[in-house]
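# Descriptive structure summary
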Amino acid sequence: MSDTDSFINEVTEEVRRDRLFLMLKRYGWIGAVVVVLIVGGAAWREYSQAQARSEAQAVGDAMTTALAADDSSTRAEELAAITSDSLGAQAVVDMAEAAALADAGDVAGAATILDGIATTADLPQVYRDIAAFKSVTLQADTLPAEERRLRLDTLAAAGGSLQYLAAEQLALLDIEAGDTDAALARLKEIAASAGVSRDLQERVSQVIVALGGSPEADAQEG
């Protein structure tokens with residue numbers, strides 16, 4: 001009986017080996033493909049990362065060279081020639097070009113570039129907000145007050161990346177319009193807000209004092 005069992009076990013094992021061999025012949029290519037895909041995917045990721053690093057370095061080097069030019073018009077021309085496949089990197093280059101144009105006196109050209117960045121839907125919101133804010137402040141002497149107020153109201157919305165800086169500009173518009181009470185109320189709100197930078201708090205406090213208010217007294221009342 002034991003010999004029979006042993007014989008049966010050997011036959012069963014042989015059948016299993018035959019089946020395994022047959023399966024490898026039929027489906028072994030799947031495993032090979034999986035291995036190739038894994039290795040190829042890892043190699044592609046490494047190549048892509050290397051390419052991204054190389055491009056970022058090239059863009060950075062080109063910007064450094066362009067910004068080293070003494071003449072602002074030359075800086076703007078050299079920055080305009082820099083391109084990047086990364087939207088974020090291109091936005092930074094374009095903002096630098098806008099700054100150079102503004103330094104050269106071409107405020108309209110700078111604003112056009114900044115407005116283009118501000119309306120690029122695929123860019124992170126912080127890039128768009130910075131461009132929109134800079135565009136408004138650059139055009140303080142040419143853009144109608146109501147248009148500036150409309151744009152700043154959007155940027156000053158609660159939770160925005162430039163909420164308090166935009167609110168400060170709105171307060172300056174209130175002063176420009178002769179509405180001191182509205183300006184003081186807005187400035188005091190900024191001064192009392194958590195998360196406001198020390199520089200902004202100091203600027204706001206100075207304006208409050210200049211308008212006849214007392215930021216210290218308001219803080220004690222709060």
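My aim in this report is to walk through the structure given alongside it, one point at a time. (Residues numbered from 1 in each chain as written. Predicted model: local features only at pLDDT ≥ 70, side-chain atom pairs only at ≥ 80, totals over all residues. Heavy atoms only, no water.)

### Quick look at the overall build of the chain
How we decide: Helix and strand definitions here come from DSSP, where helices need a minimum of 4 consecutive H or I residues and strands a minimum of 2 consecutive E residues; each element is numbered from the N-terminal end. Only protein chains enter the area calculation, which uses a 1.4 Å probe; residues under 20% of their type maximum are buried, those over 50% are exposed, and those in between are partly exposed. Any two residues having at least one pair of non-hydrogen atoms within 4.5 Å are treated as being in contact.
Helix and strand content of the chain: 10 helices and 0 strands. A burial count over the chain gives 27% of its 222 residues as buried. Across the chain, the fraction of contacts at a sequence separation of at least 24, relative to all contacts at a separation of at least 6, is 43%.

### Focus: the pattern of salt bridges
For the record, the criterion: Criterion for a salt bridge: a side-chain nitrogen of Lys or Arg within 4 Å of a carboxyl oxygen of Asp or Glu.
Counting across every chain of the model gives 7 salt bridges. One salt bridge in this structure joins Asp-115 and Arg-151, with 3.6 Å as the shortest N-O distance. Here Asp-115 is found in helix α4 (residues 107-118), whereas its partner Arg-151 is found in helix α6 (residues 145-155), with 36 residues between them in sequence. Arg-149 is the partner of Asp-174 in a salt bridge, and the nearest nitrogen-oxygen pair spans 3.1 Å.

### Let's talk about the side chain of Ser-84
The following threshold applies: The definition of a polar contact used here is a pair of N or O atoms within 3.5 Å, where within protein one atom must be able to donate a hydrogen and the other to accept one, and adjacent residues in sequence count solely through side-chain atom pairs.
On the secondary structure map, Ser-84 appears in the loop between α2 (72-80) and α3 (87-103). For Ser-84, a relative accessible area of 14% puts it in the buried group. Among the polar contacts listed, one links the side chain of Ser-84 to the backbone nitrogen of Ser-86, at a separation of 3.1 Å. Leaving out residues up to four positions away in the same chain, Ser-84 has contacts with Glu-55, Val-59, Ala-89 and Gln-90.

### Structural notes on the side chain of Ser-72
Structurally, Ser-72 can be placed in helix α2. Ser-72 sits in the buried class, given a relative accessible area of 13%. Apart from residues no more than four positions distant in its own chain, Ser-72 is found in contact with Ala-100, Asp-103 and Ala-104.

### Focus on the nonpolar core
Applied cut-off: Residues belong to a common nonpolar core when they are buried Ala, Val, Leu, Ile, Met, Phe, Trp, Tyr or Cys residues joined through side-chain atoms within 4.5 Å.
Within the largest apolar cluster, 19 residues are counted, with the highest numbers of intra-cluster contacts made by Met-63, Leu-79, Ile-82 and Ile-117. Mapped onto this core, the elements with two or more residues apiece are α1 (2-67), α2, α3 and α4. It is α3 that provides the largest number of residues to this core, a total of 6 residues.

### A word on α4
We count it as follows: The span expected for a helix works out to 1.5 Å for each residue beyond the first.
With 12 residues, α4 should cover 16 Å at 1.5 Å per step; its first-to-last C-alpha distance of 16 Å lies within 8% of that length. Here α4 has its buried residues at Gly-109, Ala-110, Ala-111, Ile-113, Leu-114, Ile-117 and Ala-118. At its buried positions, α4 is contacted by α3 and α5 (125-138).

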